[in-house]
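What follows is each chain in one-letter form.
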Amino acid sequence: MHWRQPEIKRTKTVCTYCGVGCSFEMWTRDRHILKVQPVVDAPANGISTCIKGKFAWDFVNSEQRLTMPLIRENGRFREAGWDEALDLVARRLIETRDKYGPDSLGFIGSSKASNEEAYLTQKIARLIVGTNNVDNSSRYCQNPATKGLFRTVGYGGDAGSIEDIEKAEVVVIVGSNTAENHPVIASRIKAAQKLRGQKVIVVDPRKHEMAERADLYLRPNASTDLIWASALSRYMFEHGYADQAFLDEWVNKVDEYRKSLEPFTLEFAEQKTGLSRQELIEAAEMIGQAKSVSLLWAMGITQHSHGSDTSTALSNLLVVTGNYGKPGTGGYPMRGHNNVQGASDFGCLRNMYPGYEKVSEDSARERWAKGWGVPKEQLSDKVGEGNFLMVQAAAEDRLKAMYIIGEETAFSDADSGNVHSAFTDLDFLVVQDIFLSRTAEFADVVLPGTPSVEKEGSFVNTERRIQRFYEVLPPLGDSRPDWRILTDLAARMGHNWGYTHPSQIMEECARISPMFAGVTYERLAGWKSLQWPVKADGSDSPLLYTDGFPNEDGKANLHPLEWQEPEEAPDDEYPLSMDNGRMLEHFQATNQTGRGPRIWEEAPGWFVEVSPELAAEYGIEEGTWVKLTSRRDSIEVRALITDRISGHTLFLPIHQGKPGVNALTGEHHDPDVDTPAYKETAVRLEVLPRE
Ligand code: SF4
């Protein structure tokens, strides 16, 4: 008998890693992922991908995948059927709500799950439980940037497209290791620099790859970015680079803002930032003379105790120079997870419904109540707690139950020791994930969801681009698509929504939310995509602010600011400043990139980067074990000596370690948005005697 090999199947999918949103074909035979094939039609990446998108898929068929629900019994997990697990979860959530009130529960949606799944997460929290305690991991990363954009220009997303970044005469990259964290965008900048003469300014304490390639590299002291940005704004007014016509027509509070810049002289900036007058003037002249400037920023700005203010200062500088609403201009907070933008857009935020409508506004509450067929009074108008404060509330026994989807909160939240004891104290914790993550280890019930390649749905990338992904493989074992788990759970809680396909969830959201009015699965079919806001006729918005700003009077606002000292800075006891961030090869807690040999061989170990000066001062050699101690805890790690950093600053990748870097980080946070100040951690270092 002749044996025929099964056909090779090609399916379009969207990368599950960073916010660039690369899409490509995945070639499979049975469950084997044969290769990832980029295609020219892919809107964000064309024929490019990075190592993760191309090779980091071993996790999909990992033997460590969860394939059955787990229930904790007598301190150990046992496998359970779906009916038993979902009945238990529904019962415990309802009991907790009825006994302690709706705000005794908290929901953390996944920044890796789909838009439709984010929508259902917040719908369960708001409509069934009655709380706005719902959030996603943007709380840990770009919420301060969103705050800065809301304060100034009005939309919580990138001002234009990746194409605009490419078109800009000058690109400014601040606190973003773009080459490792958003590699395909970095490639497009490198090409524009080489082929079109685009000028690149990089501002960062760490001399990463884009800093090496920059036309101008500035290395300011930590936590002083608001100062140089404001000093540059002042320079623009004083040297005729402020765009007066734009300010007159489109901007409020110009005089008030200009007055607030009085303290930000070049002398003050020199003294505080450590940058020279010449460096500051060179940056100001490059930005002031350019016809178009795009400014990218990331965690190096936002994960500080005043990250919202610094984000606002960067956006102020763009407003002053008229760099919004024209091709090649705008502010671009680089989104980290594949769908951290979408998780916020589709409502996993403590204060906003999908489409950024405030829960505290009557008209928004009325719209959503009507859309969901309930009286307005059934929806809470009280702003909820974000991730970080939910954990604090659990530690203080105010929060009794949590439902966490695909987030590694036990590893990624600041001061992880405190997080672990808060989770231990919870009455009931549900974790929905594809692996028994460090967070799942604390759960009472674990529900096995699926990765994106085992379901359909849509993601939003960093440029607000909504893209569909298709089912490449069937769910492994008895795992289930997350939208289906949430739909089944809602039914057990008395709300039979009856969704049988994610397109129906998107249809519902588009019917209620003006921002997504014209989004349909047909308009997103294949390689097609839409950038929000999308009007009912299907026209979308690759470049924002071309005909005004979404504030009441249609104008942008300049927002006066004062610089404030960081909450935690080096002192005699903890004399070093610890920076931290991602590596190209890995992603977050390595739950995906760490499951197979291909990526692990590229980046197997964990290390702390130490400057040559510090190595000489402490007698550290390459590979020496060192102990780092903060006010919270200690970790031990090998040293890597490199001039990527300087002086008394250290850099630690966030991916590895037991405990990891967040054993050291603290509870101090940005009071505007409650984002932990991960980048403001003072430590001391001891050299360990062992090999
Ligand atoms: Fe995936 Fe980002 Fe790499 Fe593209 S650049 S392949 S989206 S990780």
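Residues numbered from 1 in each chain as written. Predicted model: local features only at pLDDT ≥ 70, side-chain atom pairs only at ≥ 80, totals over all residues.

As recorded by an unreviewed UniProt entry, the chain carries the name nitrate reductase (cytochrome) and is attributed to Modicisalibacter xianhensis. The Catalytic activity (unreviewed entry) comment attached to the chain in UniProt states, word for word, "2 Fe(II)-[cytochrome] + nitrate + 2 H(+) = 2 Fe(III)-[cytochrome] + nitrite + H2O". Recorded under Function (unreviewed entry), the UniProt text for the chain is reproduced unchanged: "Catalytic subunit of the periplasmic nitrate reductase complex NapAB. Receives electrons from NapB and catalyzes the reduction of nitrate to nitrite." (UniProt positions renumbered as here; feature names shortened; annotations may be inferred.)

(A) Geometry of the overall build of the chain. Within the chain, the regular secondary structure consists of 24 helices and 28 strands. Rg of the C-alpha trace for the chain: 24 Å, near the compact-globule value of 26 Å for 691 residues, within the 12% margin. Reported as C-alpha extents along the three principal axes, the dimensions of the chain are approximately 70 × 65 × 65 Å. Across the 691 residues that make up the chain, the buried fraction comes to 56%. At a minimum sequence separation of 6, the contacts of the chain that also span at least 24 residues come to 73%. (Helix = DSSP H or I, 4+ residues; strand = E, 2+ residues; numbered from the N terminus. Rg over C-alpha atoms; globule rule 2.2 N^0.38 Å. Buried ≥ 20, exposed ≤ 12 C-beta atoms within 10 Å, placed from the backbone. Contact = placed C-beta atoms within 7 Å.)

(B) Local environment of the pairing of strand S9 (residues 199-203). The element S9 is extensively covered by neighbouring structure, given that 4 of its 5 residues are classed as buried. As defined by bridge partners, S9 adjoins strand S10 (residues 216-218) across 3 bridges and the pair is classed as parallel. Note that in S10 the partner of Ile 201 across the bridge is Leu 216. (Pairing = 2+ DSSP bridges.)

(C) Local environment of the sheet that holds strand S21 (residues 529-531). With antiparallel pairing, the 3 strands of this open sheet are ordered in space as S19-S20-S21. A single partner strand is all that each edge strand has here, and the edge strands are strand S19 (457-460) and S21. Neighbouring strand axes in the sheet, compared pairwise and without regard to direction, differ in orientation by 25° on average. Sheet topology places S19 next to strand S20 (residues 465-469); 4 bridges connect them, and they run antiparallel. Bridge pairing in S20 places Val 460 opposite Ile 466. (Axes fitted to C-alpha atoms, helices over the stretch in contact; angles between N-to-C directions.)

(D) Molecular detail of the confidence of the model for the chain. Scored by pLDDT, the chain comes out at a mean of 94, with 98% of its residues at no less than 70. Overall fold confidence for the complex sits at a pTM of 0.95, while the interface term, ipTM, reaches 0.99. (pLDDT = per-residue confidence, 0-100.)

(E) Structural detail: the domain arrangement of the chain. As assigned here, the chain comprises domain 1 (9-61), domain 2 (70-137 + 339-531), domain 3 (143-334) and domain 4 (576-687). The C-alpha-based centres of domain 2 and domain 4 are spaced at 31 Å. Residue-level contacts link 15 residues of domain 2 with 16 residues of domain 4. Where the side of domain 2 that touches domain 4 is concerned, the elements lending two or more residues are helix H18 (387-395), helix H19 (409-412) and helix H20 (416-425). Sort the elements by how many residues they give to the side of domain 2 that touches domain 4 and H20 lands first, with 3 residues. In terms of residue class, the side of domain 2 that touches domain 4 is built from 5 nonpolar, 6 polar and 4 charged. (Domains from an automatic or database assignment. Nonpolar A, V, L, I, M, F, W, Y, C, P; charged D, E, K, R; others polar.)

(F) Just helix H13 (residues 277-289), in detail. Its 13 residues place the ends of H13 18 Å apart at the C-alpha level, agreeing with the 18 Å of an ideal helix rising 1.5 Å per residue. By the burial criterion, the buried members of H13 are Glu 279, Leu 280, Ala 283, Ala 284, Ile 287 and Gly 288. One side of H13 holds all its buried residues, which, seen down the axis, span an arc of 155°. Exposed residues lying more than 90 degrees from the buried face of H13 are Gln 278 and Gln 289. (Expected span 1.5 Å × (residues − 1). Arc of directions from axis to C-beta.)

(G) Layout of the site of the ligand. Within the structure, the ligand sits among 13 residues, and Cys 15, Cys 18, Cys 22, Cys 50 and Gly 53 are positioned closest to it. Where the shell around the ligand is concerned, the elements lending two or more residues are helix H1 (51-55) and helix H7 (183-196). Across the shell around the ligand, the residue classes tally to 8 nonpolar, 4 polar and 1 charged. (Near = placed C-beta within 6 Å.)

(H) The environment of Asn 557, seen in detail. Within the element layout of this structure, Asn 557 appears in strand S22 (residues 556-557). Sequence separation between Asn 557 and Gly 288 is 269 residues, and the spatial gap between their C-alpha atoms is 20 Å. In contact with Asn 557, other than residues within four places in its own chain, are Arg 151, Thr 152, Asn 252, Lys 253 and Asn 551.

(I) Seen up close, the sheet that holds strand S23 (residues 576-581). The sheet built from 6 strands closes into a barrel, its strands ordered S23-S27-S24-S26-S25-S28 with mixed pairing. Taking the axes of each pair of neighbouring strands and ignoring which way they run, one obtains an average angle of 45° across the sheet. Where strand S24 (residues 607-610) lies against strand S27 (residues 649-653), 2 bridges are found, and the strand directions are antiparallel. Directly across from Val 610, in S27, lies its bridge partner Leu 650.

(J) Quick look at helix H3 (residues 115-129). The end-to-end C-alpha distance of H3, which contains 15 residues, comes to 20 Å, matching closely the 21 Å that a straight helix rising 1.5 Å per residue would cover. Along H3, the helix axis deviates most sharply at Lys 123, where the bend reaches about 25°. Just past H3, the residue Gly 130 takes up positive phi, approximately 90°. (Bend = angle between axes of the 7 residues up to and from the residue.)

(K) Structural context of the nonpolar core. Judged by nonpolar contacts, the single largest core of 166 residues is most densely connected at Val 171, Val 172, Ala 231, Leu 232, Leu 295 and Met 402. Top contributing element to this core by residue count: helix H9 (residues 225-238), with 8 residues. Excluding residues that lie within four positions of it along the chain, Met 402 makes contacts with Gly 106, Ile 108, Met 390, Ala 394, Leu 426 and Leu 429. Tyr 574, Ile 635, Ala 639 and Leu 650 belong to the second-largest nonpolar core, a separate cluster that totals 21 residues. (Core = buried A, V, L, I, M, F, W, Y, C linked by C-beta atoms within 7 Å.)

(L) Spatial organisation of the pairing of strand S17 (residues 428-433). Across the 6 residues that make up S17, a large majority, 5, are buried. Pairing geometry for strand S16 (residues 401-405) and S17, over 5 bridges, is parallel. Across the sheet, residue Ala 401 finds its bridge partner in S17, namely Phe 428. Pairing between S17 and strand S18 (residues 445-448): 4 bridges, direction parallel. What sits directly across from Asp 433, in S18, is Pro 448.

(M) Focus on the environment of Leu 389. With respect to the element layout, Leu 389 can be found in helix H18. Between the alpha carbons of Leu 389 and Leu 489 there is a distance of 25 Å; along the sequence they are 100 residues apart.

(N) Focus on the packing of helix H2 (residues 82-100) against helix H21 (residues 482-492). Where H2 contacts H21, the two axes come as close as 9 Å, and the packing angle between them is 55°. Relative to H21, H2 is oriented oblique. Two packed elements cross with a definite hand, and for H2 against H21 that hand is right-handed. Across the interface between the two elements, Leu 86, Asp 87, Val 89 and Ala 90 of H2 pack against Asp 488, Leu 489 and Arg 492 of H21. A breakdown of the residues in the contact of H2 with H21 according to their chemical character gives 4 nonpolar, no polar and 3 charged. (Parallel < 35°, antiparallel > 145°, perpendicular 65-115°, else oblique. Left-handed = near helix turned anticlockwise from the far one by under 90°.)

(O) Structural detail: the packing of H9 against helix H15 (residues 307-320). As a packed pair, H9 and H15 sit with axes 9 Å apart at the nearest point and diverge in direction by 20°. Put simply, H9 runs roughly parallel to H15. For the crossing formed where H9 meets H15, the hand is left-handed. For the pair H9 and H15, the contacting residues are Asp 225, Leu 226, Ala 229, Ser 230, Leu 232, Ser 233, Met 236 and Phe 237 in the first and Asp 309, Thr 310, Ala 313, Leu 314, Asn 316, Leu 317 and Val 320 in the second. In the contact of H9 with H15, the residues fall into 9 nonpolar, 4 polar and 2 charged.

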